[in-house]
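Geometric and topological summary
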Amino acid sequence: MNALSLDHHPSACGHHHGPQHIYIYSPSGAVRDKAAFKRGVARLQAMGHEVEIDADALASHTRFAGDDATRLAAIHRAAASGADVALISRGGYGLSRILPGIRYKAVAKAVAGGTRFVGLSDFTAFQTALLAQTGATTWAGPALVGDLGCEGEPDDIMLACLDDLFTGHGEGAGWRMNAEKPGADSQPAVRDIYVKNATLWGGNLAVLASLVGTPYLPDVRGGILFLEDVNEHPYRIERMLTQLLHAGVLARQKAVVLGQFSDYTLTPHDKGFKLQSVVAWLRTQIKAPVLTNLPFGHVATKVLLPVGAPVSLSVEGRDALIYWGHTH
């Protein structure tokens, strides 16, 4: 698994190799781990970047980073900051309830001006809503506290992908899918495929499922849908996939790419029902290929993915590749 980047001389490419202006804000859950927050900021500064911290980045109102109005204002300050990258402090919960108050045209204008909004988990609500409302592209990627603020060294693949985003050199992400037994017809679980010019979208499965039937879930047809989640038992993952299935979302995709589903516990009641059981079932329900093991989710090793951008997808054996070339 790796990030793809171009090998060329900085003076010849016209991209930004210097320090980045990074705006840190908190649109979801309150930051409880202040030490991790400080470590993340310090790491970005040590990398030579200018870090601007939103006035309410450490605000707290019950479980949220400030009340709804506070967090909306933080989003709009991030959009108005002129930053190269607007990076969330953390996920959690809180964006779904403020989606009607976001000024999407202002955010899309910031994206058009070069600001790249980066995050994951609860941030999926913001990303899919912005895509549905404006078509603007954001980035599924790390959060400050959990990824850059970790104890010890952050994951090197995540850092390489982040650097590719900063410099504009990112071209795609390749990885190796899980080893799986051939099907009853002796065919591989995922046949070799090539999909060209399909919209990449997705993120956290629970958040996406919660947006079905709202104006904040984009109607992506012929897309590539990637999914991940944390603390969700396989039967709950299947239930949420079933919701997307019955809503017609899955049937409209050219491929479904499963990322990391982490931190769940099987029980004796399962009697062999596991995540692979869900994957096998899903493949009986849709015609599109279901890929596995994308390095993205609530795990240390994660690639960055352009949500809403046209991409290509290829599979040869267990090797999968999503690529998009330069996005700016």
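Details of the structure are given in the entry above.
Residues numbered from 1 in each chain as written. Predicted model: local features only at pLDDT ≥ 70, side-chain atom pairs only at ≥ 80, totals over all residues. Heavy atoms only, no water.

1. Description of the sheet that holds strand β12 (residues 305-307)
Our working definition: One bridge is not enough; two strands pair if DSSP finds at least two bridges between them. The secondary structure listing takes helices from DSSP runs of H or I that are at least 4 residues long and strands from runs of E that are at least 2 residues long, numbered from the N terminus. Lines are fitted to the C-alpha atoms to define the axes, a helix being fitted only along its stretch in contact, and any angle between axes, read from their N-to-C directions, falls within 0 to 180 degrees.
What the six strands build is an open sheet, ordered β3-β2-β4-β5-β6-β12; its pairing is mixed. Every interior strand has two partners, whereas the edge strands, β3 (50-53) and β12, have only one. Neighbour-to-neighbour, the strand axes of the sheet open up by a mean angle of 30°, direction not taken into account. Here strand β2 (residues 21-25) runs beside strand β4 (residues 85-88); their pairing, made up of four bridges, is parallel.

2. Points about the side chain of H21
Threshold: Only heavy atoms enter the contact rule, under which two residues are in contact if any of them lie within 4.5 Å.
In this fold, H21 is placed in strand β2. Ignoring sequence-local partners within four residues, the contact set of H21 consists of E50, E52, S81, G82, A83, D84 and V85.

3. A word on the side chain of K302
In plain terms, the rule: Counting of polar contacts relies on pairs of N or O atoms within 3.5 Å, with two restrictions inside protein: one atom must be capable of donating a hydrogen and the other of accepting it, and residues adjacent in sequence are counted only when both atoms are side-chain atoms.
With respect to the element layout, K302 can be found in the loop between β11 (290-291) and β12. Of note is the side chain of K302, whose polar atom sits 2.5 Å from the side chain of D147. Only 2.7 Å separates the side chain of K302 from the backbone oxygen of V299, close enough to count as a polar contact. When neighbours within four sequence positions are excluded, K302 is seen to be in contact with L120, G141, P142, D147, D155, I157, M158, C161, P295, F296 and G297.

4. A closer look at unusual backbone geometry
Put simply, the rule is: In this scheme, a residue with accessible area under 20% of its type's maximum is buried, one over 50% is exposed, and one in between is partly exposed, where area comes from a 1.4 Å probe on protein chains only.
Located in the positive-phi region is T62, a residue other than glycine, with phi close to 45°. Its location among the elements puts T62 in the loop between β3 and α3 (68-80). Judged by relative accessible area, which is 56%, T62 ranks as exposed. Positioned with a positive phi, K271 is a non-glycine residue whose angle comes to about 50°. Mapped onto the secondary structure, K271 falls in the loop between β10 (253-262) and α10 (275-285). A relative accessible area of 76% means that K271 is categorised as exposed.

5. Notes on the packing of helix α9 (residues 234-246) against α10
Inclusion rule: Orientation is classified from the angle alone, with under 35 degrees giving roughly parallel, over 145 giving roughly antiparallel, 65 to 115 giving roughly perpendicular, and any other angle giving oblique. What makes a crossing left-handed is the near helix being turned counterclockwise from the far one by less than a right angle; a clockwise turn instead makes it right-handed. Only Asp, Glu, Lys and Arg are considered charged, only Ala, Val, Leu, Ile, Met, Phe, Trp, Tyr, Cys and Pro nonpolar, and every remaining residue, Gly among them, polar.
For the pair α9 and α10, the least separation of the axes is 9 Å and the interaxial angle reads 20°. Considering the angle they form, α9 stands roughly parallel to α10. Here α9 runs over α10; the crossing is right-handed. Here α9 contributes P234, I237, E238, L241, T242 and L245 to the contact with α10, which in turn contributes L275, V278, W281, L282 and Q285. Classifying every residue of the contact of α9 with α10 by side-chain character gives eight nonpolar, two polar and one charged.

6. Digging into the packing of helix α4 (residues 104-112) against helix α5 (residues 123-134)
Following both chains from N to C, one finds α4 and α5 inclined at 95°, their axes separated by 10 Å at the closest point. Judged on the interaxial angle alone, α5 and α4 are roughly perpendicular. Contact with α4, carried on its side by Y104, K105, V107, A108 and V111, involves F126, A129, L130, Q133 and T134 of α5 and no other residues of that element. Grouping the constituent residues of the contact of α4 with α5 by class yields seven nonpolar, two polar and one charged.

7. Let's talk about the pattern of salt bridges
Short version of the rule: By salt bridge we mean one thing: a side-chain nitrogen of Lys or Arg within 4 Å of a carboxyl oxygen of Asp or Glu.
Under the counting rule described, the total for this entry stands at 10 salt bridges. With its nearest N and O atoms 3.0 Å apart, the salt bridge here joins D68 to R97. Of this pair, D68 sits in helix α3 while R97 sits in the loop between β4 and α4, placing them 29 residues apart in sequence. Owing to a relative accessible area of 24%, D68 belongs among the partly exposed residues under this scheme. R97 gets classed as partly exposed once you look at its relative accessible area, which sits at 42%.

8. A closer look at the environment of V299
Relative to the assigned elements, V299 resides in the loop between β11 and β12. Judged by its relative accessible area of 25%, V299 is partly exposed. For the pair formed by V299 and Q127, sequence separation is 172 residues and the distance between their alpha carbons is 20 Å. If we ignore the near neighbours within four places in the chain, the residues touching V299 are D147, Q260 and S262.

9. Considering a positive patch on the surface
Rule in force here: Grouping into patches uses exposed residues only, defined as over 30% relative accessible area, and leaves out salt-bridged ones; the cut-off is 9 Å for like charges and 5 Å for nonpolar side chains (Val, Leu, Ile, Met, Phe, Trp, Tyr). The accessible surface values rely on the Shrake-Rupley method and a 1.4 Å probe; as for residues, cover is taken only from the protein chains in view. Charged residues are defined here as Lys and Arg on the positive side and Asp and Glu on the negative side; His and the ends of the chain fall outside this count. In plain terms, the charge of a residue is placed at NZ if it is Lys, CZ if Arg, CG if Asp and CD if Glu.
A contiguous patch of positive charge, built from R32, K34, K38 and R63, is present on the exposed surface. With respect to the secondary-structure elements, K38 resides in helix α2 (residues 34-46). Since its relative accessible area comes to 61%, K38 is described here as exposed.

10. Description of α5
The periodicity of an α-helix, 3.6 residues per turn, causes residues three or four positions apart to be oriented the same way. Let me state the cut-off plainly: In this scheme, a helix's expected span is set at 1.5 Å multiplied by one less than its residue total.
Between its first and last C-alpha atoms α5 spans 16 Å; for 12 residues at 1.5 Å apiece the expected length is 16 Å, and the two agree. Across the 12 residues of α5, nine count as buried, placing the element largely inside the fold. Looking only at α5, the buried set comprises F123, T124, A125, F126, Q127, T128, A129, L130 and L131. Note on α5: the residue one or two positions beyond its end, G135, has a positive phi of about 80°.

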